[in-house]
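A structural walkthrough
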2 protein chains.
Amino acid sequence: MTDTLKRIVLASRPDGAPTDDNFRLEDAPLPSPGADEVLIRVHYMSLDPYMRGRMDDAKSYAAPVPIGGTMEAGGVGEVIASQSPDFAVGDFVFGMMGWTTHAVMPAAELRKLDPKLAPPTTALGVLGMPGFTGWYGLNKLGRPKAGETLVVAAATGPVGSMVGQLAKAAGLRAVGIAGGADKCALATDTLGFDACIDHRAYDSASDLRAALADACPDGIDIYFENVGGKVFDAVFPLMNPHGRIPICGVVSWYNAGGKIDSEVPTPTLWRQTLVKFLSINGFIIMNHWDDYPEFLTEIAPKVVTGDIKFLEDVAEGIENAPTAFMGMLRGKNRGKQIVKLI
Amino acid sequence: MTDTLKRIVLASRPDGAPTDDNFRLEDAPLPSPGADEVLIRVHYMSLDPYMRGRMDDAKSYAAPVPIGGTMEAGGVGEVIASQSPDFAVGDFVFGMMGWTTHAVMPAAELRKLDPKLAPPTTALGVLGMPGFTGWYGLNKLGRPKAGETLVVAAATGPVGSMVGQLAKAAGLRAVGIAGGADKCALATDTLGFDACIDHRAYDSASDLRAALADACPDGIDIYFENVGGKVFDAVFPLMNPHGRIPICGVVSWYNAGGKIDSEVPTPTLWRQTLVKFLSINGFIIMNHWDDYPEFLTEIAPKVVTGDIKFLEDVAEGIENAPTAFMGMLRGKNRGKQIVKLI
């Protein structure tokens, strides 16, 4: 067994889009688990847009990563030493291990995985936080009804692909937005979206809006908001009366160094919310773990049978995590971005 | 019985705040009721901020009043001729009669009142659309919990006074905003608000916000939005996580010729909605008449006993309705603005 781990720490805070300088690869001695702790060898770590928010020293729902601190991430790995009666060496677990090859974690913060039930990487994507985010936001806040029209961006990503597939299964018209013709083909051909619009083909929000209006002849009843920015500007005027907008992310405004303005001024947004009786709900999935068993019971069997599909992009080696992360913020990945560490 | 009626029609559309030129007083022959219709002598008509919206030729939840058309209003009156088996001469009724001394109305669009149960004017205010708006928005969308803090503007108006009194009864801290020290004294001394802030005493949203922060030491959990504008700018940054914002009006942005901008840009509003898990719901009470019996059953007895108080401002004569309406949009009224026509 090695006696050192490798990890990526936050070297400095980004100004806009993160750069290589914001990250530092470090070696550190392998820690030993204390009472009720286990040592994990991380097999796969997750890269998610929310991590960009943690790099800022801004008030948010979670504390920022301190300078010099290990970047946050969910991971799946194998227990290689245990001081907990609940976990044995060889168990596969999920937890917030960070950008690191090894981690000591309190047993209470780990969830045991059954690698025979589904591949362990699914705990990071389709059956993990992103898939759960899509399921929760659509069903609990979007309140989908057959015959309605849903729009979601990042359609091939782990949130958008869950939202689109669930909406289709519920009898909605599902219209995706994605960056590039390849992703749009994946969205319609593999994931079953009724239509998918390549936002890169439209420079302005109004051009994108015209394309959306064509793809949504009956207007938009649910906009599952995960990007903000140009897509928001294009979508918002197309919302139908009684529309619902669950918000789980605004990555293009805040997480990727994008321009932080909107063609929809606040008074217009507010007035339209009133006259269209819109229901707008921000949420982060960390507040809703009580519903996770319901999600897993419903969705895990469908992942196993292939009724719910998922796409993964796998980078290799912790030293490549920053590049993969920065690429993801620019939309380079097609599906759930994972880093393989073993 | 007279053979003419007097009514106020929309002479022209306002540009900003309405002026006398936008209204015209007309005489017209008294119409006769057809089958299943009744003729009503209007005793009291209601003036409400939403009427300002109807004067614009803008897409909204309701059609605009046409040029030359009678201004819309709810009214209470006495049946003076009936071609309906459901209404007898002498019955008191509520309906959308308009700014008019007499109206022929389909029986199906009228609601019979029991003048012995409560004064007929209450059908326009505390037991009518405004009171129902406050009750619905607070209870169904605001989801009040004891110990929380609520803020509502136009605190002595018919919506705000209902919201504040219900919030107090539910164990919340109720903080009002009103224009002028007299109204603030009414809000605290008569209506039972814990505090009331005179927005006229603060030129800037940030100064108003500082006063609100003092009055809301635990932040704001529910902002019942009925004004927009400076009050919105002051309140929004003080919202607590999991806060709720029912929106029933944005009068200061759209109905009174106010400045249509905000210190809270849309991307900030959207991001804060996410990171604070806010729930924002626009509504108009016309969509929720199914819940009216529940409201009336709960609230009417409390109005009779005085457990729910209400304030009325009564103008006299239809010719004075435009002046009273324009005054209301500038906040001259303290309570529910009514015009006595008899």
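Note that the coordinates shown come from a computational prediction; the quantities given were computed from them, not determined experimentally. (Residues numbered from 1 in each chain as written. Chains lettered and ligands numbered in written order. Predicted model: local features only at pLDDT ≥ 70, side-chain atom pairs only at ≥ 80, totals over all residues.)

Accessible area lost upon the coming together of the parts is a frequently used measure of interface size. Residues and elements named next belong to chain A. Splitting chain A by domain gives domain 1 (4–125 + 311–340) and domain 2 (129–285). Relative placement of domain 1 and domain 2: their C-alpha centres are 28 Å apart. With 16 residues of domain 1 at the contact, the number on the domain 2 side is 17 residues. Partitioned by chemical class, the residues of the side of domain 1 that touches domain 2 number five nonpolar, six polar and five charged. (Domains from an automatic or database assignment. Contact = placed C-beta atoms within 7 Å. Nonpolar A, V, L, I, M, F, W, Y, C, P; charged D, E, K, R; others polar.)

Of all residues in chain A, 98% have pLDDT values of 70 or greater, and the mean over the chain is 94. Under the prediction, the complex receives an ipTM of 0.91, its pTM being 0.92. (pLDDT = per-residue confidence, 0-100.)

For the rest of this paragraph, the subject is helix α10 (residues 321–329) of chain B. Along an α-helix, a turn takes 3.6 residues, which lines up residues three or four apart on a common side. All names here are of chain B. With seven of nine residues buried, α10 is to be regarded as a mostly interior element. On the buried face of α10, the contacting elements are β1 (4–10), β2 (23–29), α1 (50–54), β14 (312–316) and β15 (336–340). After α10 finishes, the residue Gly331 shows a positive phi value of roughly 80°. (Buried ≥ 20, exposed ≤ 12 C-beta atoms within 10 Å, placed from the backbone. Helix = DSSP H or I, 4+ residues; strand = E, 2+ residues; numbered from the N terminus.)

Taken as rigid bodies, chain A and chain B are interconverted by a rotation of 180° and an axial shift of 0.0 Å, the fit giving an RMSD of 0.0 Å. Expressed as a symmetry operation, the mapping of one chain copy onto the other fits a two-fold axis. Of the residues that chain A buries at the interface, 100% are likewise interface residues in chain B, meaning the two copies contact each other through the same surface. (Least-squares fit on C-alpha atoms with pLDDT ≥ 70 in both.)

This brings us to the interface of chain A and chain B. Contact with chain A, which involves 31 residues of that partner, is made by 31 residues of chain B. Looking at the side of chain A that touches chain B, the elements with two or more residues in it are α7 (251–254), α8 (266–275) and β13 (279–282) of chain A. As defined by bridge partners, β13 of chain A adjoins strand β13 (residues 279–282) of chain B across three bridges and the pair is classed as antiparallel. Each bridged residue has a counterpart across the sheet, and for Ile280 of chain A the counterpart in β13 of chain B is Ile280 of chain B. (Pairing = 2+ DSSP bridges.)

Right, let's talk about the packing of helix α2 (residues 129–142) of chain A against helix α3 (residues 158–169) of chain A for a bit. Residues and elements named next belong to chain A. For the pair α2 and α3, the least separation of the axes is 7 Å and the interaxial angle reads 45°. On the basis of the axis angle, α2 is oblique to α3. When you trace α2 past α3, the crossing you get is right-handed. When α2 is examined against α3, the residues Pro130, Gly131, Thr133, Gly134, Trp135 and Leu138 are found in contact with a partner set consisting of Pro158, Val159, Met162, Val163, Leu166 and Ala167. Split into classes, the residues belonging to the contact of α2 with α3 amount to nine nonpolar, three polar and no charged. (Axes fitted to C-alpha atoms, helices over the stretch in contact; angles between N-to-C directions. Parallel < 35°, antiparallel > 145°, perpendicular 65-115°, else oblique. Left-handed = near helix turned anticlockwise from the far one by under 90°.)

Take the nonpolar core next. Core analysis: the largest hydrophobic core is formed by 220 residues, its most contacted members being Val151, Ala321 and Val339 of chain A together with Val151 and Val339 of chain B. Residue contacts for Val151 of chain B: discarding those within four places in its chain leaves Val175, Ile177, Leu212, Cys216, Ile220, Tyr223 and Val235 of chain B. (Core = buried A, V, L, I, M, F, W, Y, C linked by C-beta atoms within 7 Å.)

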